[in-house]
Amino acid sequence: MESKIKWYILGGFTVGILLILILLFGTNLNHRFMMGDNSTGNMNGMGNMHGNGGNGMMRHGANIDLATSSEPPKPLPIPPELKPDRETEGAVYYTVRAEQGETQFFANGKRTPTLGYNGNLLGPMIKLPKGKTVYIDTVNRLAEPTTFHWHGLKIPSKEDGGPHQPVKQGEQRRVRLDIEQEAATLWFHPHPMGSTAKQVYQGLAGLLYVTEEGSEIDLPHEYGVDDIPIIVQDRLFERDGTLNYDNSMNADGTVGDTLIANGAINTEFDVERSLMRVRLVNGSNARNFEFSLSGGETFTQIASDGGLLEEPVSLDRVALSPGERAEILIDFSKNEVGDEIELQANGIPVNTFVIKGLEKSAADLEGLKEKSSLNRKSSEVDRRLTLFGMGNMVTIDGKRFDPDRIDIEVKRGVTEVWEIYNEKDMMGGMTHPFHIHGVQFRILERDGKVPSANEKGWKDTVAVTPGERVKIAIEFNEEGTFMYHCHNLEHEENGMMGQLKVTP
Ligand code: C2O
Ligand code: CU
């Protein structure tokens, strides 16, 4: 009798503890785990937890390792340059359609339903000439609402394509973009309330190149030849080759084991023995990437999110969190014909450069200088923002997104210094890529220290690591209500987003 009671107590106690654990950590566990699901390949247990200090069973973030693909190599797809519908002296007109399609990722012929802009997957490269007005007719041919967000563009909020500018299925909306910023690699993607992460995961993302006459003189700039974009993403394919967002979704950031470069697995790109310009875009939902070359070769970063750096920076690795971009130059002039050099993300090959004949003289990087800079006056902090939480419980300043609440108001023309603090939690926390719409800002300090040379240029997204305080200077020149948020798209969906109103 007594021993029975003991067992009841012990049993009750265990169940209680389990319940508490599930309540505390349930949101963070990939459901595949909890259900022991093995419907997809390559689940490497709790795997790689980069970008956070977590340890043990209950941890933040990416819990699936990237794996080297066994797919046969295929040519790196180069997104087509979008042809204008028409052009006048001061204006360019384009049409961008969000569409449903199918993509063949695998040699076995399996087809994957995907989404794309003017195509089946991803989108075209759209040139936005500085000094011109670009009109884009955005068309929604999806079976659900979407928006067209121009990430990194300095434009009024009504053209920004945030959650407040939905385009319903079957509808069309014209935006007017006055291009007034310097040459840069930006991108566009959907931003509808509640389905941003899913639509990006299914394939919606495209490139915006702000171009400026004369800015390219010394740089490789032949699109698709010596100047190529690589949008890097990770995906978790089901056994049947499909992408199932709901199945793969992780509240702390959806990740996969398979890398795709411009929408293809295990790509190759032929280069000459010369200088290549590669525009890297971290287009993943939630994975932080560190890019390097297979032989540890150095390369030169020339631009960050919003344009050229103050000066070129020689590096052997560059880290990009979701939403960030970097333009790098890789010098293949010393290589032999037939050499193969991999671009790797977190040590896993993304794309192989195959060196093919012809030596060209390398470009002269002297005189490569950014065009404009921000008057940073003092670095006294005007505003402090705190990023906190995990999974479904992520907040900025203790609040979750509310479309009916304006969190910050600033006057147009003002420059403010913000300190973004990533507050650790019980499990250490994780890196949050902090993004602000409608501006390009400067990083002034990371934990009181000047940022590294490759972070001294224009930025619209900045990775803030657990416990870190990052000071940025922002000039607000566009009016309206803009979003600022974590660019881990699941965090954004879970409310790690606020509204900033720039008043006249
Ligand atoms: Cu790239 Cu609010 O987004
Ligand atoms: Cu986050």
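Whatever comes next refers back to the structure up there.
Calculation rules
- Residues numbered from 1 in each chain as written.
- Chains lettered and ligands numbered in written order.
- Predicted model: local features only at pLDDT ≥ 70, side-chain atom pairs only at ≥ 80, totals over all residues.
- Heavy atoms only, no water.
- Helix = DSSP H or I, 4+ residues; strand = E, 2+ residues; numbered from the N terminus.
- Buried < 20%, exposed > 50% of the residue type's maximum accessible area, 1.4 Å probe, protein only.
- Contact = heavy atoms within 4.5 Å.
- Areas by Shrake-Rupley, 256 points an atom, 1.4 Å probe, with all protein chains shown as cover.
- Pairing = 2+ DSSP bridges.
- Axes fitted to C-alpha atoms, helices over the stretch in contact; angles between N-to-C directions.
- Phe/Tyr/Trp six-rings, centres within 6.5 Å; stacked < 30°, edge-to-face > 60°.
- Lys NZ or Arg CZ within 6 Å of the ring centre and 35° of its normal.
- Polar contact = N/O pair within 3.5 Å; in protein donor to acceptor, adjacent residues only side chain to side chain.
- Core = buried A, V, L, I, M, F, W, Y, C linked by side-chain atoms within 4.5 Å.
- Salt bridge = Lys/Arg side-chain N within 4 Å of Asp/Glu carboxyl O.

Trainee: Which parts of the structure should I look at to understand the overall build of the protein?
Mentor: Looking only at helices and strands, the protein features five helices and 31 strands. Each of the 504 residues in the protein was classed as buried or not, and the buried ones make up 57%. Sequence-distant contacts in the protein: of pairs separated by 6 or more residues, those separated by 24 or more amount to 76%. Entry remark: accessible area of the protein is about 20400 Å², with carbon and sulfur atoms responsible for 50%.

Trainee: Can you help me understand the sheet that holds strand 27 (residues 441-446) in this one?
Mentor: Two modes of strand pairing occur in sheets, parallel and antiparallel, and in both the strands are linked by backbone hydrogen bonds. One open sheet accounts for five strands, arranged 23-22-25-29-27; its pairing is mixed. Only two strands of the sheet have a single partner each, and these edge strands are strand 23 (395-396) and strand 27. Two strands pair when backbone bridges link them, and strand 22 (residues 383-388) and strand 25 (residues 415-422) are joined in this way by five bridges, in the parallel orientation. When the sheet's bridge partners are listed, Thr386 is paired in strand 25 with Tyr421.

Trainee: I keep staring at the sheet that holds strand 31 (residues 497-503) and nothing clicks. Help me out?
Mentor: Strand order in the open sheet formed by five strands is 24-31-30-26-28, and the pairing between neighbours is mixed. The outermost strands of the open sheet, each flanked by one partner alone, are strand 24 (408-411) and strand 28 (461-464). Pairs of neighbouring strands in the sheet enclose a mean axial angle of 25°, with direction left out of account. Where strand 26 (residues 432-436) and strand 30 (residues 480-486) come together, three bridges link them in antiparallel fashion. Bridging from a neighbouring strand, Ile436 pairs with Tyr484 of strand 30.

Trainee: Even after reading the chapter, I still don't get the packing of aromatic side chains, so can you show me in this structure?
Mentor: Two descriptors summarise a pair of aromatic rings, namely the distance from one centre to the other and the angle between the planes of the rings. Per the stated rule, a full pass over the model turns up 14 aromatic pairs. Between Phe106 and Phe237, the ring centres sit 4.8 Å apart and the planes meet at 85°, which makes this aromatic pair edge-to-face. With a gap of 131 residues between them, Phe106 in the loop between strand 3 (91-103) and strand 4 (112-117) and Phe237 in the loop between strand 11 (227-235) and helix 4 (245-248) connect regions that are remote in the sequence. An aromatic cluster of three or more residues is present, and its members are Tyr117, Phe148, Trp150 and Phe188. The aromatic ring of Tyr209 is capped on one face by Arg279, whose charged end is 3.8 Å from the ring centroid. Geometry around Tyr421 places Arg469 over its ring, the cationic atom sitting 3.9 Å from the centre.

Trainee: What is the right way to read the pairing of strand 5 (residues 125-129) from this model?
Mentor: The two faces of a sheet get side chains in turn, since along a regular strand they alternate between them. By the criterion of burial, strand 5 is predominantly enclosed, with four of the five residues buried. With five bridges connecting them, strand 5 and strand 10 (residues 206-211) associate as parallel partners. Opposite Ile126, over in strand 10, you have Leu208 as the bridge partner.

Trainee: Explain the environment of Arg235 here, please?
Mentor: Considering the arrangement of structural elements, one finds Arg235 in strand 11. In this structure Arg235 comes out as buried when scored by relative accessible area, which is 1%. Considering only alpha carbons, one finds Arg235 and Tyr245, ten residues apart in sequence, at a separation of 9.5 Å. Not counting residues within four places of it along the chain, the set of residues in contact with Arg235 comprises Val200, Tyr201, Leu243, Gly256, Asp257, Thr258, Ile260 and Asn285. Here Val200 takes part through its backbone oxygen, which lies 3.1 Å from a polar atom of the side chain of Arg235.

Trainee: Which parts of the structure should I look at to understand unusual backbone geometry?
Mentor: Of all residues except glycine, most have a negative phi; of all peptide bonds, most are trans. Its identity as a non-glycine residue notwithstanding, Asn262 has a phi of 50°, on the positive side. Its location among the elements puts Asn262 in the loop between strand 12 (258-261) and strand 13 (267-273). Classification of Asn262 by relative accessible area gives buried; the value is 6%. One non-glycine residue, Asn346, lies in positive phi territory at about 50°. Secondary-structure assignment places Asn346 in the loop between strand 20 (340-345) and strand 21 (348-359).

Trainee: Please explain the nonpolar core as it appears in this structure.
Mentor: The nonpolar side chains of a soluble globular protein tend to be buried with one another. Core analysis: the largest hydrophobic core is formed by 32 residues, its most contacted members being Ile230, Val278, Leu280, Phe291 and Phe353. At four residues, the largest contribution of residues to this core is made by strand 21. Once you skip the residues sitting within four places of it in the chain, Val278 turns out to touch Ile228, Ile230, Ala326, Glu327, Ile328, Ile330 and Phe353. Formed by 26 residues, the second largest nonpolar core is a distinct cluster that contains Val92, Ala98, Val167 and Phe188.

Trainee: Which parts of the structure should I look at to understand the pattern of salt bridges?
Mentor: Oppositely charged side chains can pair when the atoms bearing their charge come close. Under the defined criterion, the tally for this structure stands at 32 salt bridges. Put simply, Asp316 and Arg317 hold a salt bridge, and the shortest N to O gap is 3.6 Å. Residue classification places Asp316 among the partly exposed residues on the basis of a relative accessible area of 37%.

Trainee: So what exactly am I meant to see when it comes to the pairing of strand 31 here?
Mentor: Most of strand 31 sits out of view: six of its seven residues are buried. With six bridges connecting them, strand 30 and strand 31 associate as antiparallel partners. Following the sheet pairing, Gly480 is matched in strand 31 by Val502.

Trainee: How should I be thinking about the side chain of Asp407 in this particular structure?
Mentor: By secondary structure assignment, the location of Asp407 is in the loop between strand 23 and strand 24. By relative accessible area, which is 17% here, Asp407 ends up buried. Looking at Asp407, its side chain comes within polar contact range of the side chain of Lys399, at 3.1 Å. Within the local environment of Asp407, its side chain forms a polar contact with the backbone nitrogen of Gln499, the two atoms lying 2.8 Å apart. Sequence-distant contacts of Asp407, defined by excluding residues within four places in its chain, comprise Lys399, Tyr484, Gly498 and Gln499.

Trainee: I would appreciate a short explanation of the environment of His151 in the present structure.
Mentor: Within the secondary structure layout, His151 lies in strand 7 (residues 149-151). Overall, His151 belongs to the buried group, its relative accessible area being 0%. Sequence-distant contacts of His151, that is, excluding residues within four places in its chain, are made with Leu186, Trp187, Phe188, His189, Gly323, Arg325, His435, Asp460, Thr461 and His487. A polar side-chain atom of His151 sits 2.8 Å from a polar atom in the side chain of Asp460. In terms of polar contacts, His151 uses its side chain to reach the side chain of His487, at 3.3 Å.

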